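# Observations on the model geometry
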Amino acid sequence: MILDEQSNTEQGFIKGELLYMIFQNKSEHFSIAKIKVHDTNENYKDKEIVVKGYFANLQDATVYCFYGDFEKHAKFGMQYQVKSYETYIPDTKDGLIAYLSSDLFFGIGEKTATKVVDVLGDSAISKILSNDEVLNDIPGLKKEKAELLSKTLQENQGFEHIVVYLSNYGIGLKMAQKIYQEYKDEAIDVLQNDPYQYVFDIEGFGFRTADQIAQQNGLSLTHPNRIGAGCIYVLQKNIQDGHVYLPIDNCIKQVLDLLLNPEQSLTADMVSNRLEDLNKDKTVIMKDGNVYLPSLYYAEDGFASNIKRLMIKPIEQDTSMAELMKIIGDIEESEVLSYGKEQFNAINHSLKSKLMIVTGGPGTGKTTVIKGILKAYAAIHNISTDPTDYDSESDYPFILTAPTGRASKRLTESTGLPAVTIHRLLGWDGRDGFEKNENEQLSGKFLIIDEFSMVDIWLANSLFKAIPDDMQVLLVGDEDQLPSVGPGQVLADLLGSELIPIVSLNEVYRQKEGSKIIQLAHLIKHDTCTEDSLINDKDFSFIPCTEHQMIDVITKVFHKARDKGVELRDIQVLAPMYRSQAGITIINQQLQTLVNPKSSTKREVKTNDVVYRTGDKVLQLVNKPENGVFNGDIGEVVAIFEEDENVDHVEQLVIDFEGKEVVYERKDYVNIMHAYCISIHKSQGSEFPIVIMPVVSSYNRMLRKNLLYTAITRSKKSLIICGQQNAFIRGVSTLDTNRRYTTLPEQLNDRLQDIPIDMYEDEDEKEISPYDFM
Ligand SMILES: Nc1ncnc2c1ncn2[C@@H]1O[C@H](COP(=O)(O)OP(=O)(O)OP(=O)(O)O)[C@@H](O)[C@H]1O
């Protein structure tokens, strides 16, 4: 861009050329560079300055004009923090030749550059930018070189132009990079026509910023784009609280609150009319006084239809009760146990039902029942449960799956059979779809989905459409766990609908082995936990302390554990919130220092205020099925590579997730955090040998029954609660009354009410023992 100094007369600038790069992060385009100062209107006398910021591609021997602010770095002195910049293209013949023959334009030497300037004159750049066919007139300039020259010019000028334009709206270089990557040359058009589009397309672009830009562009407060974007934004935001839809009045109220309406020019009717328009063009779906985002409406609709499709096709099973009893009796003998009545019912009915749910708390024998079902099914059909007895994976009749990597790994460990995540099972294509769907369904005979409480309505829909008509399905889950992170409460809705056969397991078996943890879980489940229940036992202790003492207490527990020779990685701290004196962030900082301190032998990288070093325990925060890692997976930083140490020339962090190594570049660091302490939400579906759980009254509204129940049921061998007993008791007595708006029960009812089902809980045959038949 030819520098238009007029437009920047008020702004401070430093004009200069690149001397050398001090630091460069290519993936994020962040650079720190030493610049030789040519000119400035700032109060700065030195001949050189360090500039830092997000640049597309700073070139040697090219003059730039940087706009920004001075900043004093504690170690490196005065620096110029660049907010925007542009290439200074001299309007002299020599200057233009130097620019065009610089490294920026690959393959153009001084001779060719001179020819270009000779033919096109001092305004060569703007001539090429407005019509690159002018390059055809340059004698001897090959077509490919001409194209490359034009393309490079367009790209650099395009980006810089956008940076300068966006900076007028206070949008920094980093965000400008993201915007440019998304829209390229159309960025300004999009911003001028509908700045709200940025909110939906660019991660981290706030609604308020878009709104401000729209106001600056003169868009009226009642403009349909503004109201429409407000509606979509409100619906999207409510997904974070698990809602599938919003009642229309509630949606309108939230939209009015969002769109701040000081002069009352915006009315509820306007929002309502806008919603009607959005409904007409299917941007939202309105039904029975509710408003949905389409993906959620169709997910509920599709899931309910697929449940019906499966339920109406009965299974062919001609095994007599006597034969079944005999088979189950044989399994009891080989497993050396006797199934309880509920467990027996669960096995018996799962074998006879097309679709069934087994629900129960920890230690009630859900896994034991799964194993029993698989063995009984194999015996009835005279087939093997051993995958090696089958020629190919697709011949194997059993599918075991769970929503997270850790949960599927646990399922493999407890059953001894292969289990995979739902994403892996369906074949996530890495972008927006699954390989398995209604057109290409799963192969197998019996599908078991564990930890079903964690499955949201989107995933449930994707999974169920891929289930063939003749496949038997068993859902297993604990209804008292937290609902899914994503929208919906699929397990709770299925259980509450009473339209699907259910067997509840209530008798606790692990308790019989003397587990205080399991006992406590069931006291909480049945609302009978009191301060007396918190007496220390061999696998349980409660350490009273205040919020201020929490860090000290947790640190002491770690020290003591280390002295006793306990593997520190077996200890997992679980807390409900991030920012608090006893929150996840500060606990992680302290525990990193203790468990994996700074050392000259360990490499580290810093991002924002967090330091990752080799040996750190880290948590994956989002599903990345394409890399085989999922939200909630825990791994260890095993290597850090500098830019010049790998073929990709970018800094890399290698994390080992239980044998699977995944490479992270700087842009991916947002997807991880330290995992010495993790949130209870993130711990769903995982188990840890030793759990430390801080509980203090300042956690306040987070202290809920299902949250605390989920946390304590994560511990396998030992549970240490630190904090205030009264806060804990208050928490386990507080039900989560935040209702999630879902219409799955109605959807199921519409489709299934005429299909007869057996609800199995009170059947007489509970009284029959398999031994009666032996
Ligand atoms: N009928 C039974 N007789 C004796 N022991 C049993 C019986 N059922 C289960 N158990 C034992 O109780 C313990 C818990 O069972 P299991 O692991 O199947 O429960 P779970 O519901 O899957 O637990 P969690 O949800 O905590 O993983 C196991 O050690 C198991 O062997």
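Refer to the structure printed above.
All of the points below concern the structure found in this document. (Residues numbered from 1 in each chain as written. Predicted model: local features only at pLDDT ≥ 70, side-chain atom pairs only at ≥ 80, totals over all residues. Heavy atoms only, no water.)

## A short note on the nonpolar core
In this structure, L275 and F464 are the most contacted members of the largest nonpolar core, which totals 114 residues. In terms of residue count, the dominant contributor to this core is helix α12 (residues 294-312) (8 residues). Those residues in contact with L275 that lie beyond four places of it in its chain are C231, I248, C251, I252, V284, M286 and V291. In this structure, L568, V637, F657 and Y669 belong to the second largest nonpolar core, which totals 72 residues. (Core = buried A, V, L, I, M, F, W, Y, C linked by side-chain atoms within 4.5 Å. Buried < 20%, exposed > 50% of the residue type's maximum accessible area, 1.4 Å probe, protein only. Helix = DSSP H or I, 4+ residues; strand = E, 2+ residues; numbered from the N terminus. Contact = heavy atoms within 4.5 Å.)

## Details of unusual backbone geometry
Positive phi outside glycine occurs at E451, with the angle close to 50 degrees. Unlike most non-glycine residues, E658 shows phi in positive territory, near 45 degrees. Within the secondary structure, E658 sits in the loop between β21 (652-657) and β22 (660-665). Exposure remark for E658: the relative accessible area of 45% places this residue in the partly exposed category.

## Some words on the pattern of salt bridges
Under the counting rule described, the total for this entry stands at 27 salt bridges. We note a salt bridge from E335 to K375, for which the minimum N-O separation is 2.9 Å. With E335 in helix α13 (residues 321-335) and K375 in helix α15 (residues 366-380), this residue pair connects regions lying 40 residues apart in the sequence. Across the pair E658 and R406 runs a salt bridge whose closest N-O atoms are separated by 3.2 Å. With E658 in the loop between β21 and β22 and R406 in helix α16 (residues 405-415), this pair connects stretches of sequence that are 252 residues apart. (Salt bridge = Lys/Arg side-chain N within 4 Å of Asp/Glu carboxyl O.)

## Concerning helix α10 (residues 248-258)
Residues I248, C251, I252, V255 and L258 constitute the buried set of α10. Buried residues of α10, viewed axially, fall in a sector of 125 degrees; they line one side. Turned more than 90 degrees away from the buried face of α10, the exposed residues are D249 and K253. Check the buried side of α10 and you find it contacts α8 (207-216), α9 (224-239), β6 (245-247), α11 (268-280), β7 (285-287) and β8 (290-292). (Arc of directions from axis to C-beta.)

## Quick notes on the sheet that holds strand β4 (residues 63-73)
Sheet architecture is closed into a barrel: 5 strands sit in the order β1-β2-β3-β5-β4, paired in mixed fashion. Recorded for the sheet is a direction-independent mean angle of 45 degrees between the axes of neighbouring strands. Where strand β3 (residues 48-54) and strand β5 (residues 77-88) come together, 3 bridges link them in parallel fashion. For K52, the partnering residue across the bridge sits in β5 and is Q81. Running over the sheet, helix α4 (residues 143-167) touches β4 and β5 and is turned about 120 degrees from β5. (Pairing = 2+ DSSP bridges. Axes fitted to C-alpha atoms, helices over the stretch in contact; angles between N-to-C directions.)

## Quick notes on the sheet that holds β22
On the basis of which strands lie adjacent, the open sheet formed by 5 strands has the order β22-β21-β20-β19-β23 and antiparallel pairing. At either end of the open sheet lies a strand with only one pairing partner, and these are β22 and β23 (672-674). Neighbouring strand axes in the sheet, compared pairwise and without regard to direction, differ in orientation by 40 degrees on average. Bridge count for strand β20 (residues 634-641) against β21 is 5 bridges, and the pairing is antiparallel. What sits directly across from E636, in β21, is D656.

Everything listed is a geometric property; what it means functionally is a separate question.
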